[in-house]
Protein chains: 2
Amino acid sequence: MNQKHSQPADIEKTSMAIIEAELQEKGIVLPEENAAVVKRVIHTTADFEYVENLYFSKGAVKMTAKALKENAVIVTDTNMAKAGISKVALQKLDGAVYCFMADDEVAAKAKETGSTRAAASMEKSAELYPAAVFAVGNAPTALLKLCELMENGLRPALVIGVPVGFVNVVDSKERLIEICEKYSVPVIVARGRKGGSNIAAAVCNALLYTAADMLDPVARGW
Amino acid sequence: MNQKHSQPADIEKTSMAIIEAELQEKGIVLPEENAAVVKRVIHTTADFEYVENLYFSKGAVKMTAKALKENAVIVTDTNMAKAGISKVALQKLDGAVYCFMADDEVAAKAKETGSTRAAASMEKSAELYPAAVFAVGNAPTALLKLCELMENGLRPALVIGVPVGFVNVVDSKERLIEICEKYSVPVIVARGRKGGSNIAAAVCNALLYTAADMLDPVARGW
C-alpha cells in the first residue's frame, strides 16, 4: 500500500478525485448545487446509479445548509444512521442528532396505536424538533407519518427520504416528493428501491460539511 | 399502503419472497450454504450485484454459525456497523458486539505508531477477543492489520472484509482472501469496490440468525 494513501483524510481526497474523473469519463455533469451530496453518496456506496436516483427539490442543498448553520438538529429513523453522522461536523456547528427508535415511550405508543416504532419515533421527533432535518433511511412508515404530519402543518428544514427495499419503499418515496413539493418543504430522495441508513448518513454529512464550510470557509482542516 | 404489509416482520418476509422470485427470474441459483447471507445483503441494499461480488471460503457460514452459537462475540471497525447488528439476535445467543474506534487508548496508539485508528482498534480487538468474528466494513487498513495479525498467529472465527471505496479497497480485500485461505481462517468478502458498514452488519445478522436457529429451531418468533 502506498504510504501517502494510508491516512483517512488523504484517502478521502483521492477517492473524491477518482469519483470526479469517472463521472467525467462517463460524460456526467452534476448540477453544481447538488454535486457535494451526490459525490458523497457515491463515496459511501461505490454505486454510480445514485447519479440517476437522487432527487433534489430546487435549492434544497443550499437552503438546508443555511438552516443547519443556525440550527443543526437532525433526527434519524435508525441508530445506525445516527452512528454514521459526523460528530466532528456536528460539533463545529454546535448541533445534535437524535433517534428515538429505542425509546420506551415510542415503543409503548407504537403498541398502543398499532403503528410502527419508526412512525411513532417521527411523531415524537416532530413534537420535540419540528424544524429539524428528518433523515429516513429505513422505514417507509416513517416517511408516510411525516407526510401526514406535513399535511397537518409540520415544516421541517428538510426531509431526506432514502429507505431501501422491496415493499412500500418506492411508493412512499414518491408520496414524500409529492407532499414536500405541495408544501414547499425541501426534500432529497433516492428514487427507486435503493437507499439505506448509510445513504441517510452520507447525505447528512455532505450537508453538514457544506454548512460548516459556510460558517468558516478558511479552516477546512477536517 | 396494504395494511398487512405495515408491520416490519411481515415486510421482511414479503421482501425475502420478492428477492427469491427475482433471483429465480434471473436464473440465479445460490449455493444453499451461502443463500441466507447473500439474500440478507440484497435485502439491505436492493443491489443484486452482490450475488456476484460476495466471496465465501468453503464452509464459512456453517462454521461461523456454530462458533457464534458457543461464543457470539463480534468486533467491528465502525460504530455504524455495531449499531446495525441485531441486539435481539445477540441477546438470544448471549453475545456481544464491540467497536474500539472511539476508544481513547486506540486513538493514542494510532498517533504514537503513525497508524490509523482502524488498524489500532483491530490490534486491541485481537488482544481482547482473538476468537471473535471480525467485521470490517470501512477501513482497508483494518483488513491489512488483520492480515499481519494472522501471519503472527491470530485465528478468528471469521473475517468479514467488506470495506467500500476507491483507494486500497480492492487490493486489501484480495489480500485478505489470500491470507485467510493460507491459514484456513473462514472469510467472507465483497469483492470489488462495493461494501460498507451496512453490508458488514447485514452479514453479521444473517450469521446470528442462522446461529440462533441452530440453537432453537422451533421458536422463530423474532
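Engineer: Can you help me understand unusual backbone geometry in this one?
Structural biologist: Unusually for a residue other than glycine, alanine 46 of chain A sits at a positive phi of about 55°. Inspection of the secondary structure puts alanine 46 of chain A in the loop between α2 (35–45) and α3 (50–53). The exposure class of alanine 46 of chain A is buried, given its relative accessible area of 9%. Even without being glycine, asparagine 168 of chain B reaches a positive phi, approximately 70°. Along the chain, asparagine 168 of chain B turns up in the loop between β5 (158–161) and α10 (169–182).

Engineer: Help me understand the packing of helix α8 (residues 117–128) of chain B against helix α9 (residues 140–151) of chain B in this model?
Structural biologist: What describes two packed helices is the angle between their axes and the distance between those same axes. All names here are of chain B. For the pair α8 and α9, the least separation of the axes is 7 Å and the interaxial angle reads 40°. Overall, the two elements α8 and α9 adopt an arrangement that is oblique. Here α8 and α9 pass one another in a crossing that is right-handed. Judged by residue contacts, Ala118, Ala119, Met122, Glu123 and Ala126 of α8 engage Thr141, Ala142, Lys145, Leu146 and Leu149 from α9. When the residues that make up the contact of α8 with α9 are grouped by side-chain class, the tally is 7 nonpolar, 1 polar and 2 charged.

Engineer: Can you help me understand empty space enclosed by the protein in this one?
Structural biologist: Which parts of space are left empty comes out when a probe the size of a water molecule is rolled across the atoms. This structure, assessed with the given rule, holds 1 cavity of 30 Å³ or more. Of the volumes computed, that of the largest cavity is approximately 110 Å³. If you go around the largest cavity, you meet 15 residues; those closest to its centre are Thr45 and Asn198 of chain A together with Thr45, Tyr50 and Asn198 of chain B. Elements supplying a minimum of two residues to the lining of the largest cavity: α2 and α11 (197–215) of chain A together with α11 (197–215) of chain B.

Engineer: What am I meant to see in the interface of chain A and chain B here?
Structural biologist: It is common to give the size of an interface as the accessible area lost on bringing the parts into contact. Residue-level contacts link 37 residues of chain A with 37 residues of chain B. When the two sides are added together, the surface that chain A and chain B hide from each other amounts to roughly 2900 Å², 67% of it contributed by carbon and sulfur. Run the count over chain A and chain B and you get 4 salt bridges. The closest approach of N and O atoms between lysine 194 of chain B and aspartate 47 of chain A, which form a salt bridge, is 3.9 Å. Counting the contacts that link chain A with chain B gives 3 residue pairs in polar contact (both at pLDDT 80 or more). Elements supplying a minimum of two residues to the side of chain A that touches chain B: α1 (8–25), α2, α5 (79–84), α9 (140–151) and α11 of chain A. Of all the elements, α1 of chain A adds the most residues to the side of chain A that touches chain B, at 7 residues. Tallied by class, residues from the side of chain A that touches chain B come to 15 nonpolar, 18 polar and 4 charged.

Engineer: Is there a simple way to think about the sheet that holds strand β1 (residues 54–56) of chain A in this case?
Structural biologist: Through backbone hydrogen bonds, the strands of a sheet pair up, either in parallel or in antiparallel fashion. Residue and element names in this part refer to chain A. A sheet is described by the order of its strands in space; here 6 strands give the open sequence β1-β6-β5-β4-β2-β3, paired in mixed fashion. Sheet topology places β1 and β3 (96–99) at the edges, where each strand pairs with a single neighbour. Taken pair by pair, the neighbouring strands of this sheet meet at an average axis angle of 15°, ignoring direction. Judged from the 3 bridges that link them, β1 and strand β6 (residues 187–190) form a sheet pairing that is antiparallel. Across the sheet, tyrosine 55 pairs through a bridge with valine 189, a residue of β6. Packing of helix α8 (residues 117–128) onto the sheet brings it into contact with β2 (73–76) and β4 (133–136), and relative to β4 it is tilted by some 170°. Against the sheet, α11 touches β2, β4, β5 (158–161) and β6, its axis set at about 145° to β5.

Engineer: Help me understand helix α10 (residues 169–182) of chain A, please; the structure alone is not making it clear to me.
Structural biologist: In this model α10 of chain A runs 20 Å from its N-terminal to its C-terminal C-alpha over 14 residues, within 8% of the 20 Å that 1.5 Å per residue would give. Count one or two residues on from α10 of chain A and you reach serine 184 of chain A, which has phi positive near 55°.

Engineer: Where do I start with the relation of the copies chain A and chain B in this structure?
Structural biologist: Superposing the two chain copies requires a rotation about an axis and a translation along that axis. When chain A is brought onto chain B, the operation consists of a screw motion whose angular component is 180° and whose axial shift is 0.0 Å, with 0.0 Å RMSD remaining. With respect to symmetry, the two chain copies, as superposed, fit the operation of a two-fold axis. Residues of chain A ranked by C-alpha distance from the rotation axis are headed by methionine 80 of chain A, positioned 2.6 Å from it. When the interface residues of chain A are mapped onto chain B, 100% of them are again interface residues, pointing to one common binding face.

Engineer: Would you explain the confidence of the model for chain A in this entry?
Structural biologist: Detail in the predicted coordinates should be disregarded across regions flagged by low pLDDT. In this model, chain A carries an average pLDDT of 94, and 95% of its residues clear a pLDDT of 70 or more. Overall fold confidence (pTM) sits at 0.95, and the ipTM for the predicted complex is 0.93.

Engineer: Explanation requested: the environment of valine 187 of chain A in the structure shown.
Structural biologist: With respect to the helices and strands, valine 187 of chain A occurs in strand β6. For the pair valine 187 of chain A and leucine 158 of chain A, spaced 29 residues apart in sequence, the C-alpha separation works out to 5.4 Å.

Engineer: Sorry if this is basic, but what is going on with the environment of alanine 83 of chain B here?
Structural biologist: Considering the arrangement of structural elements, one finds alanine 83 of chain B in helix α5 (residues 79–84). Residue classification places alanine 83 of chain B among the partly exposed residues on the basis of a relative accessible area of 28%. The sequence separation of alanine 83 of chain B and asparagine 198 of chain B amounts to 115 residues, and the corresponding C-alpha distance is 9.5 Å. Setting aside residues no more than four positions away along its own chain, alanine 83 of chain B makes contact with Asn79, Met80 and Ala83 of chain A.

Calculation notes
- Residues numbered from 1 in each chain as written.
- Chains lettered and ligands numbered in written order.
- Predicted model: local features only at pLDDT ≥ 70, side-chain atom pairs only at ≥ 80, totals over all residues.
- Heavy atoms only, no water.
- Helix = DSSP H or I, 4+ residues; strand = E, 2+ residues; numbered from the N terminus.
- Buried < 20%, exposed > 50% of the residue type's maximum accessible area, 1.4 Å probe, protein only.
- Axes fitted to C-alpha atoms, helices over the stretch in contact; angles between N-to-C directions.
- Parallel < 35°, antiparallel > 145°, perpendicular 65-115°, else oblique.
- Left-handed = near helix turned anticlockwise from the far one by under 90°.
- Contact = heavy atoms within 4.5 Å.
- Nonpolar A, V, L, I, M, F, W, Y, C, P; charged D, E, K, R; others polar.
- 1 Å grid on protein atoms, 1.4 Å probe; cavity = no way out; pocket = protein on both sides within 12 Å on 5 of 7 lines; lining within 4 Å.
- Points joined across faces, edges and corners; volume = space filled by probe spheres on them.
- Buried area = accessible area lost by both parts, 1.4 Å probe.
- Salt bridge = Lys/Arg side-chain N within 4 Å of Asp/Glu carboxyl O.
- Polar contact = N/O pair within 3.5 Å; in protein donor to acceptor, adjacent residues only side chain to side chain.
- Pairing = 2+ DSSP bridges.
- Expected span 1.5 Å × (residues − 1).
- Least-squares fit on C-alpha atoms with pLDDT ≥ 70 in both.
- pLDDT = per-residue confidence, 0-100.

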